[in-house]
Amino acid sequence: MMRLFPRTPGTRRATDDGARSLPGPEVPERPKARGRGTGPLGLRGHVVPPLLLIAAITSGASLAPLAVHLSPLLVAAPTCTGTFARTRFTSVVALLAAAAVLLVDRHDGLLHSPLLPIHIGAVLIVSAFVIASRTVHDRDLRELAQVRAVSEAAQRVLLRPIPAELGPLHVASMYRAAAAHALVGGDLYAAARTAHTTRILIGDVRGKGLPAIDDASAVLVLQPVVHVT
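J.: Whenever I open this one, the environment of Ser151 confuses me. Can you help?
T.: Positionally, Ser151 belongs in helix H4 (residues 115-158). What makes Ser151 partly exposed here is its relative accessible area of 32%. Considering only alpha carbons, one finds Ser151 and His181, 30 residues apart in sequence, at a separation of 9.8 Å.

As structure tokens, then:
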């Protein structure tokens, strides 16, 4: 979408009349990066839930009959932590859960029982799988962020913003692509200022979405621009 507003006589003329500009999309600003290990709830929101879970299971085991063993439930702490926290904090929670297993089994009289290494081993093995999965997930997120950054940079080369002033005109433009996460599609527009005229191009190539980008870029490179006096 492009809007043209005649400029009043008192406004300043564009200094670079020979510069050509290509369309520019309206892109929302990226959110500021959060601190490591933080999220919508902040660092405290990540630390408190797994610690409360470990404390609740450990306290419940001290009140439960000796025949009821609650230590296997402690595997839930590192498993849940891995869904929202980084691997380092998940590893800390896994070690705390293993220590809590030792305390609970000691209370249940399993300190010299073969169940103790089974319970601790189960917590550590499940935690290892959770940490490995979280590591792969974080790596994929980093690669996705890099790919998106490269894609946006490449599209911005094609979609340079139009100047706010072109000769006697004020220009306002907005571009919204149909494809999700894309900055450009089959629609196109461009504007340029020559010595005495302002040239405007608005078009729509055949096709839509990402497959039409090649055609749109070819039109923009070889653009026959109409005159607006």
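J.: Quick question: what am I supposed to make of the environment of Cys80 here?
T.: By the secondary structure assignment, Cys80 is in helix H2 (residues 76-81). You can call Cys80 partly exposed: its relative accessible area is 39%. Along the primary structure Cys80 and Pro49 are separated by 31 residues, whereas in three dimensions their C-alpha atoms are 9.1 Å apart.

J.: Looking at this structure, how should I read the packing of helix H3 (residues 87-107) against H4?
T.: Helix-helix packing is described using two parameters, namely the angle between the two axes and the distance between the axes. Two numbers describe how H3 lies on H4: the axes approach to 10 Å, and their chain directions differ by 170°. As judged from the angle between their axes, H3 and H4 are roughly antiparallel. Contact with H3, carried on its side by Thr87, Thr90, Ser91, Ala94, Ala97, Ala98, Val101, Leu102 and Asp105, involves Leu115, Leu116, His119, Ile120, Val123, Leu124, Ser127, Val130, Ile131, Arg134, Thr135 and Asp138 of H4 and no other residues of that element. Among the residues forming the contact of H3 with H4, the class breakdown is 12 nonpolar, six polar and three charged.

J.: It is not clear to me how the pattern of salt bridges should be interpreted in this structure. Could you clarify?
T.: When charged atoms on two side chains of opposite charge get close, those side chains can pair. Using the criterion set out here, one finds two salt bridges in the structure. Taking the shortest distance from any N to any O, the salt bridge between Arg134 and Asp138 comes out at 3.1 Å. Highlighted residues: Arg134 and Asp138, both in helix H4, separated by four residues, approximately one helical turn. For Asp138, a relative accessible area of 11% translates into the label buried.

J.: Mind showing me how you'd approach the packing of aromatic side chains here?
T.: In this description, a pair of aromatic rings is defined by centroid distance and the angle of the planes. Tallied over the full model, the rule gives one aromatic pair. Ring geometry for Tyr175 against Tyr189: centres 6.0 Å apart, planes inclined by 45°, an arrangement best described as tilted. With Tyr175 in the loop between strand S4 (169-173) and strand S5 (187-193) and Tyr189 in strand S5, this residue pair connects regions lying 14 residues apart in the sequence. Each of the two residues, Tyr175 as well as Tyr189, counts as buried.

J.: For this particular structure, what's the right way to read the nonpolar core?
T.: Buried together is how nonpolar side chains tend to be arranged in soluble globular proteins. In terms of nonpolar packing, the biggest core is built from 17 residues, with Ile162, Leu188 and Leu220 touching the most fellow members. Contributing elements (two or more residues each) for this core: S5, strand S6 (198-204) and helix H5 (213-221). For this core, the element with the most residues is S5, which contributes four residues. Counting 13 residues, the second-largest nonpolar core is a separate cluster that includes Ala64, Leu70, Ala100 and Val101.

About the thresholds
- Residues numbered from 1 in each chain as written.
- Predicted model: local features only at pLDDT ≥ 70, side-chain atom pairs only at ≥ 80, totals over all residues.
- Heavy atoms only, no water.
- Helix = DSSP H or I, 4+ residues; strand = E, 2+ residues; numbered from the N terminus.
- Buried < 20%, exposed > 50% of the residue type's maximum accessible area, 1.4 Å probe, protein only.
- Axes fitted to C-alpha atoms, helices over the stretch in contact; angles between N-to-C directions.
- Parallel < 35°, antiparallel > 145°, perpendicular 65-115°, else oblique.
- Contact = heavy atoms within 4.5 Å.
- Nonpolar A, V, L, I, M, F, W, Y, C, P; charged D, E, K, R; others polar.
- Salt bridge = Lys/Arg side-chain N within 4 Å of Asp/Glu carboxyl O.
- Phe/Tyr/Trp six-rings, centres within 6.5 Å; stacked < 30°, edge-to-face > 60°.
- Core = buried A, V, L, I, M, F, W, Y, C linked by side-chain atoms within 4.5 Å.

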